[in-house]
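Each chain, written out:
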Amino acid sequence: MNPGLVGWGHCEAEREGPTATRSSPFPGAESSSFSALGNLHRTLGRPTPRAYPEVPLRKPRGRARRFTMATAGAPRRFCRCACFCSENLYVARYGLHVRFRGEQQLRRDYGPILRSRGCVGPEDFQQLLEELEQEVERRQRLGQESAARKALIASSYHPARPEIYSSLQDVALAPGFLAAAEYSTVPGADLQGLLQRLETVSEEKRIYRLPVFTARFCQALLEELEHFERSDMPKGRPNTMNNYGVLLHELGLDEPLVTPLRERFLQPLMALLYPDCGGGWLDSHRAFVVKYAPGQDRELGCHYDNAELTINVALGKAFTGGALYFGGLFQVSMCDPRGSASGSWECPGLSPAVLQAPSALAKPLEVEHVVGQGILHRGGQLHGARPLVTGERWNLVVWLRASAVRNRLCPMCCRKPDLVDDEGFGDGFTREEPTTVDLCALT
Ligand SMILES: [Fe+2]
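Treat the numbers as computed from the prediction; the structure is a model and nothing was measured.

**Q** Sorry, what's going on with the coordination of the iron ion here?
**A** The reference angle at a metal is 109.5 degrees if four donors form a tetrahedron and 90 or 180 degrees if six donors form an octahedron. Only H303 (NE2), D305 (OD) and H383 (NE2) from the protein reach the iron ion as donors, at distances of 2.2 to 2.3 Å. Along the chain, the residues donating to the iron ion are arranged with the sequence spacing H-x1-D-x77-H. Here H383 lies in strand 15 (residues 381-385) and D305 lies in strand 9 (residues 300-305), a separation of 78 residues in the sequence. The burial state of D305 is the same as that of H383; both residues are buried.

Shown next, in the form of C-alpha cells:
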C-alpha cells in the first residue's frame, strides 16, 4: 500500500489561550507571556531578551519584493480559525482526518470509509464517537492549559543550558546558512544566485536543503530539550499528529531563538525562494521539536502543514530510517466548494474525486535527514515521515506563516477563516492586512 494513502491529512497546531491585552514589544506576544518570560530570565539570572529590529533586511524592489513590517508599529493581534474545534480531527486507528459535528453527520459522511477500515460494530462506532467528543473538549481546553504550562515553566523550570535562552547569536548558525541569508539581503540578489548557495532537493517540488545550526548548537539544544523532558514540568503535544516533543513557546524559546531566526534569516531566504507563497510576508510562526523513538512516535502519516512554508531541521541524535517523503502539492482547488454539507472520505474539504486518483501521492520523493541541516518546503506539500529504524530522531519544525496569504483562505477548512481572537501568534491570522503587502504579487 502506498503509505501516503494512510493518514493523508493535516498537521495542525495545538492552540493557545484566550486573547489578552498585549503590551509586549514582541509581535504577537501578549503581555503576561512576556512578563512570564522575563520572570524566567530573572529567575535564571539571565538578561531579558531584547526586542529585535524590524524585519526587512532588504529594500523592496518592485511588486514582488515587498515585505511585511512584522514588528513595525503597534503589536499585532493574531487569531485562529474557528474550524480547529470541529475539523481535521485525526483518528490514528483508522488513518483518517474527519470533520465532526455530531453522530449523524459522522455516520453520513464517514460511514463507508470507517467500515472499510475496521470500524464495523456498534461498539466500535460508539468508542470512536466518545473519542471524538473527548478530542473536541480537549481542543477547547488547550488555550487555558497551554497558558498554565507556560506560566509554571517560567516560574519553576531550571534549564541545563541557560545560554540557549539568550538572543540567537551568529556563532550558533552554520556558515553556509549565514552566507545564504546574507546573500539574500544584498541589493541585486536573485533566486539563481541563492540557488548556488543551497542544495536543490527537487526543482519541481521546490524543496531545498541547507545547513542551519552548528553541531555544537544542535548538541546544546538537544541537551536542554532532554533535560526538560526529564523534568517534572508539564508538557504539551507538539501538534495534533505528534505525541512526543516540545513546544518552544511554552519553554520560552520563541523570543530568543525562533523569532530572530525567522525575522533575520529565514524571511530573506524565503522571500527569494517562495515569493508567491508569502515568503516575503512572513509575520508569525509555530515552532516545536518532534521526537521519534522506539516505543514512542516512530513515523508520521502523510499530511500537509498549517503553514505557508516550513523548515524542518534535524537536530540529532544518532538514528537510521525516518526519512521524509514528499508527494504533490495540496491545492485549494482540491477543496470541496460544497463545504461542510458534503463531507468527504479522507479529510474534510478534499474532493472524493481527488482521493480516488491521488496522483499527488504517486512516487513520493524520499529525503534523508542530515543532522544540522534543514529542509525547506511549502506547507501545502504533502509529506510524512518513514518509520524510524534505530536510535532517536529529534527535529525542529518551524511553521512559517504569512497573514496576507492565510487571511484570504484558511488552509485547514479551505474557507474564508472564521476568526477567533487568540493568544500569542494564534494560528497566524489577523483581522487587518499587513500595511506593506502588495496583494497582486500573491497568487
Ligand atoms: Fe509536517
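From this point, the discussion proceeds with the structure in view.
**Q** What is the right way to read the pairing of strand 9 from this model?
**A** Looking along a regular strand, one sees the side chains alternate between the two faces of the sheet. The element strand 9 is largely enclosed, with a buried count of 5 among its 6 residues. Judged from the 2 bridges that link them, strand 9 and strand 15 form a sheet pairing that is antiparallel. From the neighbouring strand, L300 faces strand 15, where its bridge partner is A385.

**Q** Looking at this model, I keep getting lost on the side chain of E308. Mind explaining?
**A** The topology assignment puts E308 in the loop between strand 9 and strand 10 (309-316). On the basis of relative accessible area, E308 is assigned to the buried category, the value being 8%. A distance of 2.7 Å separates a polar atom in the side chain of E308 from the backbone nitrogen of A402. Residues in contact with E308, not counting those within four places in the same chain, are C277, R378, G379, L400, R401, A402, V405 and R406.

**Q** How should the side chain of N312 be read in this particular structure?
**A** With respect to the helices, strands and loops of the structure, N312 is situated in strand 10. A distance of 2.7 Å separates a polar atom in the side chain of N312 from a polar atom in the side chain of N395. Not counting residues up to four positions away in its chain, the partners in contact with N312 are L324, H369, Q373, G374, I375, N395, L396 and V397.

**Q** Looking at this model, I keep getting lost on the sheet that holds strand 7 (residues 245-247). Mind explaining?
**A** What holds strands together in a sheet is hydrogen bonding between their backbones, with the strands either parallel or antiparallel. Taken together, the 7 strands give an open sheet; going across it, the order is 5-6-14-10-17-8-7, and neighbouring strands pair in antiparallel fashion. The sheet is open, and its two edges are formed by strand 5 (199-202) and strand 7, each paired on a single side. Strand-to-strand twist in this sheet, taken as the mean axis angle between neighbours without regard to direction, amounts to 20°. Pairing of strand 5 with strand 6 (residues 207-211), which is carried by 3 bridges, proceeds in the antiparallel orientation. Bridging from a neighbouring strand, E199 pairs with R209 of strand 6. On top of the sheet, helix 6 (residues 215-230) reaches strand 7, strand 8 (284-292), strand 10 and strand 17 (393-401); it is set at about 85° to strand 10, its chief contact.

**Q** In this structure, what is going on with the nonpolar core? I would like to understand it.
**A** Side chains of nonpolar character tend, in soluble globular proteins, to be buried together. In terms of nonpolar packing, the biggest core is built from 56 residues, with F177, F213, L225, L248, L251 and L315 touching the most fellow members. Of all the elements in the fold, those that place two or more residues in this core are helix 4 (175-185), strand 6, helix 6, helix 7 (248-251), helix 8 (254-273), strand 8, strand 10 and strand 17. Examining the composition of this core, we find that 9 residues originate from one element, helix 8, more than from any other. Within the second largest apolar cluster, 16 residues are counted, among which are V98, Y110, I113 and L129.

**Q** Would you explain the packing of helix 4 against helix 8 in this entry?
**A** Packed helices, taken two at a time, are described by the angle between their axes plus the distance between the axes. Running from N to C, helix 4 and helix 8 cross one another at 65°; their axes reach a closest spacing of 8 Å. Taken together, the axes of helix 4 and helix 8 are roughly perpendicular relative to one another. As for the relative orientation of helix 4 and helix 8, their crossing is left-handed in sense. Every residue of helix 8 that contacts helix 4 at F177, L178, A180, A181, Y183, S184 and T185 is listed here: L261, F265, L266, P268, L269 and L272.

**Q** Looking at this model, I keep getting lost on unusual backbone geometry. Mind explaining?
**A** Glycine aside, negative phi is the norm for most residues, and most peptide bonds take the trans geometry. Note that the residue after G316, namely K317, is joined by a cis bond; omega there is -5°. In this fold, K317 is placed in the loop between strand 10 and strand 11 (319-321). Of note, the phi angle at R206 is positive, near 55°, even though the residue is not glycine.

Conventions used here
Every chain begins its residue count from 1, and numbering advances along the sequence as written. Local features in this predicted model are restricted to residues of pLDDT 70 or higher, and side-chain atom pairs are both shown and tallied only at a pLDDT of 80 or more, whereas totals for entire chains, interfaces and linings draw on every residue. Hydrogens are left out, water is left out, and the side-chain values use all remaining heavy atoms of the structure. Metal donors: N, O and S atoms at distances within 2.8 Å, or within 3.2 Å for Na, K and Ca, with water omitted from the atom set so that some sites may seem incomplete. Secondary structure elements are defined from DSSP: runs of H or I of at least 4 residues count as helices, runs of E of at least 2 residues count as strands, and each element is numbered from the N terminus. Burial here depends on accessible area, computed with a 1.4 Å probe over protein chains only, as a share of the maximum for the residue type. Under 20% is buried, over 50% is exposed, and the range in between is partly exposed. Should DSSP find at least two bridges between two strands, the strands are regarded as paired. As used in this structure description, the phrase polar contact means that two N or O atoms lie within 3.5 Å; if the pair is within protein, one of them must be able to donate a hydrogen and the other to accept it, and residues adjacent in sequence are counted only when both atoms belong to side chains. By definition in these notes, contact holds between two residues if any of their heavy atoms fall within 4.5 Å. Helix axes are fitted to C-alpha atoms over the stretch in contact, other axes to C-alpha atoms as well, and angles between N-to-C directions run from 0 to 180 degrees. Only buried Ala, Val, Leu, Ile, Met, Phe, Trp, Tyr and Cys residues count toward a nonpolar core, and they belong to the same one when joined by side-chain atoms within 4.5 Å. The labels follow the angle: roughly parallel below 35 degrees, roughly antiparallel above 145, roughly perpendicular from 65 to 115, and oblique for the rest. Put simply, a crossing is left-handed when the front helix is turned counterclockwise from the back one by less than a right angle, and right-handed when it is turned clockwise.

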